[in-house]
Every structure is written in structure tokens, then in C-alpha cells.
Amino acid sequence: MITVKNISRRNFIKSIGLVSGGLILSCNFNSGSEDEKEPFVFNPKLYVQLNPDGSLILVATRSEMGQGIRTALTSVIADEMEADWSRVTVQQATGDVKFGDQNTDGSRSIRYLYESMRKVGATFKAMLITAAAKTWEVPESECTADNHFVVHTSGKKIGYGDLAEMAATLEVPKEVTLKSPENFKYIGKTLPSIDVENYANGSAVFGLDKRIADMKFVAIQRCPVTFGTVKSFDKSAALKVNGVLDVIEIPRMEKPFGALGGVAVIATNTWAAFKGKEALKVEWKFGENKDYDSEKYMEQIMGNVHKKGTVQKSTGDVESAFEKAHTIVESSFEAPLLVHAPMEVPNAVAWVQGDSCEVWAPTQDPQTARTEVADYLGIAEDKVTINITFLGGGFGRKSKPDYIVEAVAVSKAIKAPVQVIWSREDDIQHSYYHTVSAQYMKASLDENGKVTGWLHRFAFPSIESTFEPGTDEPQGWETHTASNIPYDLPNMQVETGKAPAHVRIGWLRSVINIPHGFSVNVFADELAHAAGMDPLEFRLKMIGEDRLEDTDGDYKYDTARLKYVLKKAAENAEWGKTLPEGHAYGIAVQYSFLSYVASVVEVSVIQGKVKVHNVFTVIDCGTAVNKDTIKSQLEGSAVFGMSLTYYGKITAKDGAIEQSNFDSYQMLRMPEAPKIHVEIVESNERPTGVGEPGVPVIAPAIINAIFKATGKRYYSLPLSDHNLV
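Now for a quick tour of the structure.

Rules used in this analysis
- Residues numbered from 1 in each chain as written.
- Predicted model: local features only at pLDDT ≥ 70, side-chain atom pairs only at ≥ 80, totals over all residues.
- Heavy atoms only, no water.
- 1 Å grid on protein atoms, 1.4 Å probe; cavity = no way out; pocket = protein on both sides within 12 Å on 5 of 7 lines; lining within 4 Å.
- Points joined across faces, edges and corners; volume = space filled by probe spheres on them.
- Helix = DSSP H or I, 4+ residues; strand = E, 2+ residues; numbered from the N terminus.
- Nonpolar A, V, L, I, M, F, W, Y, C, P; charged D, E, K, R; others polar.
- Axes fitted to C-alpha atoms, helices over the stretch in contact; angles between N-to-C directions.
- Left-handed = near helix turned anticlockwise from the far one by under 90°.
- Contact = heavy atoms within 4.5 Å.
- Pairing = 2+ DSSP bridges.

## Things to note about empty space enclosed by the protein
Within this structure, the stated rule accounts for five cavities of 30 Å³ or more. Of the pockets and cavities examined, the largest cavity occupies roughly 150 Å³. Contributing to the lining of the largest cavity are 18 residues, with L338, I514, L644, A699 and L717 lying nearest its centre. Mapped by element, the contributors of at least two residues to the lining of the largest cavity are α14 (513-531), α17 (627-646) and α18 (698-710). Its residues placed into classes, the lining of the largest cavity shows 12 nonpolar, six polar and no charged.

## Describing the packing of helix α9 (residues 366-377) against helix α10 (residues 402-414)
In the contact formed by α9 and α10, the axes pass within 10 Å of each other and the chain directions differ by 35 degrees. In this structure, α9 crosses over α10, and the sense of that crossing is right-handed. On α10, the residues that touch A369, E372, V373, Y376 and L377 of α9 are I404, V405, V408, A409 and K412. Residues belonging to the contact of α9 with α10 are distributed by class as follows: eight nonpolar, no polar and two charged.

## A closer look at the sheet that holds strand β22 (residues 492-496)
Sheets are built from strands that pair by backbone hydrogen bonding, the pairs being arranged parallel or antiparallel. Across the sheet, which stays open at both edges, the five strands sit in the order β14-β22-β21-β20-β15 with mixed pairing between neighbours. Of all the strands in the sheet, just β14 (310-315) and β15 (327-335) have a single pairing partner and so form its edges. Direction aside, neighbouring strands of the sheet carry axes that sit 10 degrees apart on average. The sheet contact formed by β15 and strand β20 (residues 437-445) spans nine bridges and is antiparallel. Residue pairing across strands places S331 opposite M441, the latter belonging to β20. The sheet strands contacting α14 are β15, β20 and β21 (451-459), and the helix crosses β20 at an angle near 30 degrees.

Next comes the structure, spelled out in C-alpha cells:
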């Protein structure tokens, strides 16, 4: 239930950095409590302030990492209240449960907050109209709102700022009328980022930009083997580096988001801290992961998917279907460990003073950070302030606040403010990795090319292993991207196999959709070839009749919407046209984060080298709040997906990660970037995910195009392993 409260006269607004004097509303949609004396019991999600000068401030509760969430959130409120976009500014919230869920991942910020923001905007507008009607002593029905003014039928008008004080005295209406979509002025349009000027002029403060008085700079040497610990260390050479102040040991904290532990070098500047770290001599106790070898590990889990696994889903009788098959197709797929590698490495500023602590950090999940810090220090959470800076990329890495806990630990130890900075090598060699996977697929076709049986068996270290050490098999929620596929399959079985973890496993943009999107889409292409059918037509037949699938939750995936994006992407690419020699199209489609995405990719394979020329992507994400942001996200997804397809691979030898920087963990270069064509389906359905759904289709579409161009199918990533790029 969404409730909106007038909190203009309450003292707690100062705690979130707003000032009194205007109209301030809080919004909540978890509780219908009417306790006016204690507004925080409403668990408000966001706050908005209209000042007498007409300026409008939105407190953004989600983290900004380039996805444009601050602009999108703001525009929904501004649209419903008929506000002038040029009067809008955004203020970032601190991490606090009173704002509700602030975890900025899972492509869900707009999905979770869209309706509540609309109601806040509509409530503002209604109160301003009431205030104007009282001022003019006319019926409210004779007043309308238009671009930061309330206008009377007589033609007179009054600015929102002039109504703020009176509106602040009014009761909040319990019911408001939301705009019809055809009257939206910002929603569904193209708006530039509200932060773009600050990005351009350098005034936007990212984590690495943060400075406070007397701050020390810290670099930490960690054990090359995950969960290894310090046996002994010699700090004498480090202390001789000009600028190095001290060297201390940070013990490992055996928690999912605890510090890995190591030896911390404290210095007067970043360079000195890094050079001091290089001069350290540390002897490690490597622990039980010291023999981890990623090549041998792949052999191990591939063996596990070629024998009976744990059944996660079974419909019909897949074995019987295989026995009656006209044609059987079997394939195995490999996908390596991946790392997020955001442009801005993990970093955090922390200052522990007595029984309180203040942090400034680029974090996707400030509330978890707050909990972890409070738990480490043994203090109440209200003694911890987490200030959220801009993030220079996140991709899920900055949902895990281990780097924040490190900064707090050092600050506490030396009784001074510190900034812990990870190097690129730290980031690549000590992350929470996207899981490695082995997959086995088997399907049966009848004499008409119809799929009659489908077996999908896979093994990968579970994300759960980070939270429950010893977990050695994918968990139920990690199987949904294989079991809830949109194909009409009468006999289907999904199984999982054993895969113990030897590094920290975490979530990365698109999560398990990456390996499952890869295998399912490549396998579907392989089946089309076996059936002698066009890959597009084969998929449309596999999806079958228009229907709503009975999936968990109140969002049901709609096969008609899935088929539409598939056909639209093909239409935009002119699927079937004659391409230059050596060129070919590949296609893939995926339902993820409640959105429907299809991509057609044009590649050429000339003298054994692959080049992607065009990517045609179509997304149906329901109501498109900001088309400019969505387009950018899909463009970024294509480049992100191509980086993983071309180069993404983390390997381990003797327990240590072998890659260290962008020379060994390469990203897509600008000359390699294709032309990216994005179409957003017009829709009034509820908004769904945007940031992640564009990634999983890229790798399989490229692999399918390579097959079309060369006749050779590749079952493992990245392409650099096959000397194709």
C-alpha cells in the first residue's frame, strides 16, 4: 500500500539534509499505519521538497553508477506533478532503512519505485491546486496544473513556489488521480542525464575523489590464494618508502562481506601506499584453496554434467521422448569465471571516532554496508553514516561492501580517517567472481523437426557458497534461467551437478542468464540446423502459441511479447537479405529481469578473424521511463556482452588468479565496437528491467552468426581462446 505524508514541519528532515520552509512529502508503500507522532514507522521510500523559490528537490534513494537512475526517478515525479524540469535537482540519500530497500542491483529500481513516485507527484499537484483554489477562493475544479504553475479557467496563474508554504499546511489527500499515459510529458520521452553537466565539468564526486582533512591513504596486500592468511611479514623496506607512515596487519573476517585480510600500508598519498605495498615481504598460509587449477576444475565439473544429476525440474517423460526420437542432438558448453572490472576500482573513505563512524563510498548497497560496519565495530547502526558517492561503474561488484569494512578496520586501528584504494590488480585478483560453468544439453526431434524432449544439466559454483561455505551445487533460484525458458516443450528435465567453490562467487550484470542464455540460444540454433529450418522460424515454432506462462510472482511472461521482439529485431536487421561474402547474421532471444530482449548480430569472419559490424536489439521493458537512458543501457549491454564474448576469462593456477590488469583481462576496444541499433517497444505495461537484460543475448548471437558464416560451431568462451579475435 502506498501512503504519502506531509512532513514539512518535522525536525527529522534536517537529518536527511533538507531544510524546512517548503512542502515536503514522504512516501511509503509498505504500511498503512497512521501514527503521526513517529513518521519513521512508515519506512518512507523517498522525500521530495518544493521550496518557496519554486525549486524542487528529490532525495534519490538508489545509487547512480551511470545508469541514469537519478534522472529517471526524478522525471516520474516531475511528470505527475506537472513540474518544470529545469527546476529539479537531486540530493543523494544516505544509507538508511527508513528509505526502504536501497540495494541498486537486479534491474529493479524503476520497477519497485515507479508507482510510488507517480503517487508522490500526483499528491504534490493535488495539494498545490487546493492551495491555489483557497488563495483565489474558487472551486478546485476550475484549476489545473501546467509546467510549475496552477492556472485558473479565467487565465490567471500562480507559481508552485508561491504556493509551497500554504500547501505545507494542508492535509495530504488519501486518493489522487494519476495521469493517463497519453498525457505524459517526461515519461516515455528522452531526457538528458540530470548529472551530465557535473560529469562534464568534473564536479561530480566519485568515491576516488573524496577527500577529508588529515586523511591517510591505504593499500592492502592480500593473499594470492582466496582465504589464505598472513603467516609473517617484513615491513622494513616498505617503511623506507617516502610517504609511508605505518604498516599493520588486517585479520581476515570470516563473513560473506568481511575483509579478506592482509597487510595494510598507511601513507600520506596513494602512490606511496602502492609503492610501500610493493616493497612488503609477506609469507602466507595459503589454506585449502592452494591447489585450485581452473583448467583441471573445468574437467571436473564437465565430468559431473555427463552423469545423472539432481533433478530440479521435470515435465513429461524426457527419456521416453529420447527413445522415440527421429534425431538426437547433444552438446556441451563451457563458460569461464568472469570479473566485473568497473572503471572505478573499489575504494572507501572511513572515519571511526569513538562510538560512531562515517563512510563515503561508491556502493550499490549502502544499507548492507551500514550493517556490516556496525557489526564489525560492535555499535548500533544509527551510529554509522554511509554517504553514497557516484559510482564509476558497479556491475554488482559494489553491492559487496568488503572494501568498506577494510577502510573501517584501518581507521579504527590507527584512529584517523583513511581512504582504502584497490589497485586494478587487487580488483581482478580478489573479487567476487561470476561463476564458471559446465553444461550438457540433449534434445530429441521428431521427423517434422519438432522438439519432443529437452534435457539441460549444468554445474557451477553457487553464489550461495559465499554465504554458506560448503555449498557445492547450484541452488534452486539459480536454476530458473534454465527451467523457465519460453519454449513449448512437452518433455523437459533440468538437472544440476556438483561444483565446489574455490574463490568468492558473486553476482555480475545479468547473473546466471549469461551462461544459460549462451547455452540455450546456441543449442536452439543447433537444433534448427538439425531440423533444416531457419533459426528465426525454428525459435518462433519452439515458443509456440501465444500464452502467459505460469511463473512465480505477479509478472507472467507473455510469449506474444517475446515473439514480437524476436520478429522485430529480425525485421530491423532485414533478416534473410543477402550479406557481403564472409558476413552472416546470428540471432538470440532472452526473457530476463521481466523484460523481453532479442538481438540480431552481423559478423564477418575474414581470414579467421571475427568482426561484429552491427547489433540490432529490441527490448520490451513495459513502460519506458526515459528512452535515452534505456538506449544507453542497451548500447552498453552490447559492448559489455562483446567484451565477455571476445576476451572474458579468469583463470587460476596454484590457487592464484593469473590475470592482473587490462593487458590480461581485456575489454573491447573502440575500433572493435559495432554499430548498435536499439528499438524500444511502445508499451503501457508496468516497467521492468533495463540494465541487465541486454547482455545475455550477445554471446550466443555472435556464436550463431559465426556458425552461419563458417559452418563451425563454438561451444566455449571466450573467442580469444579460439584465436578468432
